[in-house]
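These are the residues of each chain, in order.
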Amino acid sequence: VLKMSWCWFYLPLHLLMAACLCHSIKAPTSSLQQSFKSNLFNFYHSLLLADGKETTIHLLKDIPKRYYFVLEEGRALAPFSITVTPCDVPIEWSILVSNTVLLEVIFVSTIFNYKGNSVETYMGMSSHSALYMLEFLSTERDTHITVYLTTDTTSGHLYPELPLDPRLDVVGIGHTTVTLTWKHSPSVLQHRENIQYCLLVNEKHNYKSLCAAETAIRSSGMKLPATLALSLSPYLLEPQQVMILSNSELSIINRVSSGEVRQICMGTKNTYTVPNLSPSTQYYFDVFVVNLLTNASAAYTGTFARTLEEPEPKVMELKDGKVVQVVLDGKKQKFHTLQYQARHKKVQFTFQLCRGQVRVHITKNGKTVASENILGLRYLSLKGKLLDMYLVQLRSTEESNSSVKVQVSSQFNKPLFPLLPESLKIKSFSKLRTCNSVTIAWLGTQEQSKYCVYKKRIEEDQVWTELRSTDRCSGPESRHKSEKVLCKYFYDVNLQRAVTTETIKGLDAGTLYLFDVYLIGPSGIPVRYHSKVVKTRKKC
C-alpha cells in the first residue's frame, strides 16, 4: 500500500506523480494503478471533470484554473471529446497530457491550444491510461465558461448537431420585417420531438452561444429565470420581460439598457419572418438549436440585416374651406400628413370621425399645438401669424380601418359643418312604447336645420355589428328608401326648448329596430346622431 507524507500536499501534479511512481517501482502494475487512482482522487477529486456532464467553471482575471480527467485502460483506443463554451469574453485554454515511461520518467505535452470566444470542440483518441489536464485563463475580466467531457460516443451527443453549412440566410427585408432561413440540424431530423430552434434578435451584435447571450442580458441589469428562457417555458418573468405566446411560438422580449433582446422559439421550422421591427434599423440575428431534454444548445453562424427606410407619409394639400375624407389602414398604422399654410392669424380645424378610432397630431412650424383622440365632431381653433405652416398627422388607433373628415378654414363665419346640439344622443320613452309604435326625441339647435329619421329592422345578433360598422359620416343618401320615416325642419332660439319628438308607427310587435337621425345644415354636410336600438312590446 502506498504511504504518503503530509508534505506531498505541496507538490505540483507532475512531481506528485513521479513520487508516487518512484515509491511504488517495485509494486506490480495493477497495484500501482490502484494506488495512483486512490491518491489522485484524494488530492484532486474536487478538480476532476465529470464524464458526460456539463460543468460550469468560474474564472478570475489573470488566475489560471486547472481541471483533470483520466482515461481508463481496457480498450485499444479510447475516444473522447471536450467542448468549451465561453460565456462572455475571449479566454485561453489548452489540453496537456502526462505520460509515464518505464514507470520512472514523466513528461507533459500540450496537445491542443485555443484563444477566443467561439465554442470549440476537441476530439481525441487515447491508447493507454493517461492523466489529462485542462488549463483555462481569462485575461480581460472575471467570467465563466461551460465544459463538457464525454468518453461515450455511442449514446449520442449532449449538444445538437449543426449542418455542414451552419449559416443563416436573409431571404427578405421589409420596413418592419426580416425573413430568415437556415439548413436543418441533423438532430432535428432524427429527434424532432426533443429539439427546437430558437432565434435571438438584438441591435448590438451577434452572440456565439446561448450562454453568451444570457450573460449579456444579465450584465444589462436584468435577471433571467433559473431555466433558460429560450429553450423552456420561463418561470416568473421579471418586470423588464414581456412574454408572448401565439401560434405555438414563444416570444420573450427583454428590455435592457441597449434596447430590446427578443427571443423567439418556433419549434422545428427553419424559415421565419421576424415581425414588428423598426424601420431603417440594423438588427443582429442568431439561431440556436436546443435540446429540450438536456437544455444544451448549438449556435448557427449569426447574420445581420438593416430594415428598409420608412416611406415618406402621404402628403395631402388642404385647401381653405374644403372638406377631405381620409381612410386610415389600421393594420399598417400609416400616417397621413395634411399640409396647410395659413394666410390668416386664426385657423379652425374641424374633424368628423366616420369610423373606428383616430388620433390627430397638429404641429405649427414644427412645434406641437394639439394631440388628442377624435370623438364625434371636434373643432380646434388655433391662433398664429401670417404664413404659419401647419402639419396634421392622422393615424388609426385600432387594427381595423378608420376614417375621418377634415376641414381647415380661416372663415369662421362660414362653417361647412352644421351647428351641433349639446348632445347627439337619441332618447326613447319606455312608457310610450307599444306593440307597433316607438316614440323618440332628440335635441336641436338655434339654427334652422333639416332632420331626417330612418329606421331599420335588425336581429338580436346584429346589434353589435350594426353599431360597430356604422359610417358616421355617411348621409341619408346611403340609406334604402324603404328605411326613411320622415324629414322635418325645426329650431328654437331658446335652447331649453330646442327638443323635438317623433312617434314612429306601423312597427311589428316584439321586434328590434335601429333608429337614426341625420342633422343636415345649410351647407348640406350631414351629421349623424348616435344610433338607438329599441324593441317594441310583445303584448299590448
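Please refer to the structure placed before this passage.
Figured I'd write up the structure that's included with this text. (Residues numbered from 1 in each chain as written. Predicted model: local features only at pLDDT ≥ 70, side-chain atom pairs only at ≥ 80, totals over all residues. Heavy atoms only, no water.)

## What to know about the overall build of the protein chain
Step number 1: Along the protein chain, the regular secondary structure elements total 5 helices and 35 strands.
Step number 2: The buried share among the 540 residues of the protein chain stands at 44%.
Step number 3: Contacts in the protein chain between residues at least 24 apart in sequence constitute 72% of all its contacts with a sequence separation of at least 6.
Step number 4: Looking at the protein chain as shown, the accessible area adds up to about 29100 Å², and 52% of this sits on carbon and sulfur atoms. (Helix = DSSP H or I, 4+ residues; strand = E, 2+ residues; numbered from the N terminus. Buried < 20%, exposed > 50% of the residue type's maximum accessible area, 1.4 Å probe, protein only. Contact = heavy atoms within 4.5 Å. Areas by Shrake-Rupley, 256 points an atom, 1.4 Å probe, with all protein chains shown as cover.)

## Observations concerning a nonpolar patch on the surface
Step number 1: There is a patch of nonpolar side chains on the surface, built from V170, I173 and L308 and spanning about 210 Å² of accessible area.
Step number 2: Taking the relative accessible area as the measure of exposure, V170 reaches 31% and is therefore partly exposed. (Patch = residues over 30% accessible without salt bridge, like charges linked within 9 Å, V, L, I, M, F, W, Y side chains within 5 Å. Salt bridge = Lys/Arg side-chain N within 4 Å of Asp/Glu carboxyl O.)

## What to know about the pattern of salt bridges
Step number 1: Within the structure shown, the criterion is met by 15 salt bridges.
Step number 2: The shortest N-O distance in the salt bridge between R66 and E135 comes to 2.8 Å. With R66 in strand β2 (residues 65-71) and E135 in strand β7 (residues 130-137), this pair connects stretches of sequence that are 69 residues apart.
Step number 3: What makes E135 partly exposed here is its relative accessible area of 24%.
Step number 4: One salt bridge connects D88 with R141, and the closest N-O pair in it is separated by 2.9 Å. In this pair, D88 sits in the loop between β3 (78-86) and β4 (91-101) while R141 sits in the loop between β7 and β8 (143-150), placing the two residues 53 residues apart along the sequence.
Step number 5: Bridged by salt links that share partners, the residues R479, E483, D516 and R528 form one connected network.

## Focus on the state of the cysteines
Step number 1: What the rule picks out here adds up to 5 disulfides.
Step number 2: The residue that forms a disulfide with C354 is C473, at a sulfur-sulfur distance of 1.8 Å. What sets the handedness of the C354 and C473 disulfide is the S-S torsion sign, and at about -85° it is left-handed. On the criterion of sequence distance, the pair formed by C354 in strand β22 (residues 346-355) and C473 in the loop between α5 (463-468) and β31 (484-490) is long-range, its members being 119 residues apart. Judged on exposure class, the residue C354 and its partner C473 are both buried.
Step number 3: Here C452 pairs with C487 through a disulfide, and the sulfurs are 2.0 Å apart. The disulfide joining C452 to C487 has a torsion of about 110° about its S-S bond and is therefore right-handed. Taken together, the positions of C452 in strand β30 (residues 449-458) and C487 in strand β31 put the pair 35 residues apart, joining distant regions of the chain.
Step number 4: What makes C452 buried here is its relative accessible area of 2%.
Step number 5: By sequence-ordered numbering of the bonded cysteines, the protein chain has its disulfides arranged as 1-3, 2-4, 5-8, 6-10, 7-9. (Disulfide = S-S within 2.5 Å.)

## Quick notes on the packing of aromatic side chains
Step number 1: Counted under the stated rule, the structure contains 18 aromatic pairs.
Step number 2: Between F112 and Y122, the aromatic rings sit 5.3 Å apart at their centres with planes inclined by 45°, giving tilted as the arrangement. Of the two residues, F112 sits in strand β5 (residues 105-116) while Y122 sits in strand β6 (residues 120-126), which places them 10 residues apart along the sequence.
Step number 3: Measuring from centroid to centroid gives 4.8 Å for Y451 and F490, while their planes differ by 35°, and the two rings are tilted. Taken as a pair, Y451 in strand β30 and F490 in strand β31 lie far apart in primary sequence, 39 residues in all.
Step number 4: The buried category is assigned to Y451, whose relative accessible area is 0%.
Step number 5: Here F490 falls in the buried class, since its relative accessible area comes to 13%.
Step number 6: Aromatic ring contacts, followed pair by pair, group F69, F80, W93, F112, Y122, Y132 and F136 into a single cluster. (Phe/Tyr/Trp six-rings, centres within 6.5 Å; stacked < 30°, edge-to-face > 60°.)

## Details of the sheet that holds strand β29 (residues 438-443)
Step number 1: Overall, antiparallel pairing links the 3 strands, which are arranged β28-β29-β32 in an open sheet. The open sheet is flanked by β28 (427-428) and β32 (499-504), the only strands paired with a single partner.
Step number 2: Taken together, the 2 bridges between β28 and β29 define a ladder with antiparallel strand orientation. Counted as the bridge partner of K427 is A441 from β29. (Pairing = 2+ DSSP bridges.)

## Section: the sheet that holds β8
Step number 1: The strand order across the open sheet formed by 4 strands is β1-β8-β3-β6, and the pairing between neighbours is antiparallel. In the strand order of this sheet, the two ends are held by β1 (53-59) and β6, each with one partner. Strand-to-strand twist in this sheet, taken as the mean axis angle between neighbours without regard to direction, amounts to 20°.
Step number 2: Where β1 meets β8, 7 bridges bridge the pair, whose relative direction is antiparallel. When the sheet's bridge partners are listed, T55 is paired in β8 with V147. (Axes fitted to C-alpha atoms, helices over the stretch in contact; angles between N-to-C directions.)

## As for the nonpolar core
Step number 1: Counting residues in each nonpolar core, the largest one holds 24 residues, and the members touching the most others are L318, F349, F351, I362, Y390, V392 and L394.
Step number 2: Listing elements by their share of this core, those giving two or more residues are β20 (323-328), β21 (336-341), β22, β23 (358-364), β24 (367-374), β25 (377-383), β26 (389-396) and β27 (402-409).
Step number 3: If you tally residues by element for this core, the top one is β22, at 4 residues.
Step number 4: Counting 23 residues, the second-largest nonpolar core is a separate cluster that includes L71, I91, I95 and V97. (Core = buried A, V, L, I, M, F, W, Y, C linked by side-chain atoms within 4.5 Å.)

## So, the pairing of β20
Step number 1: Of the two faces of β20, the one lined by V324, V326 and L328 is fully buried and the one lined by V323, Q325 and V327 carries no buried residue.
Step number 2: Inspection of the sheet shows β20 paired to β27 by 6 bridges, in the antiparallel sense. Bridge pairing in β27 places L328 opposite S402.

## Overview of the environment of P160
Step number 1: You can see P160 is positioned in the loop between β8 and β9 (168-173).
Step number 2: Judged by its relative accessible area of 6%, P160 is buried.
Step number 3: C-alpha separation for the pair P160 and Q196, spaced 36 residues apart in sequence, amounts to 9.8 Å.
Step number 4: The residues contacting P160, other than those within four sequence positions of it, are S187, I195, V289, V290, N291, A296, S297 and A298.

## Here we look at the environment of Y68
Step number 1: Relative to the assigned elements, Y68 resides in strand β2.
Step number 2: The class of Y68 is buried, set by a relative accessible area of 6%.
Step number 3: Along the sequence, Y68 and L49 sit 19 residues apart, while their C-alpha atoms lie 6.0 Å from each other.

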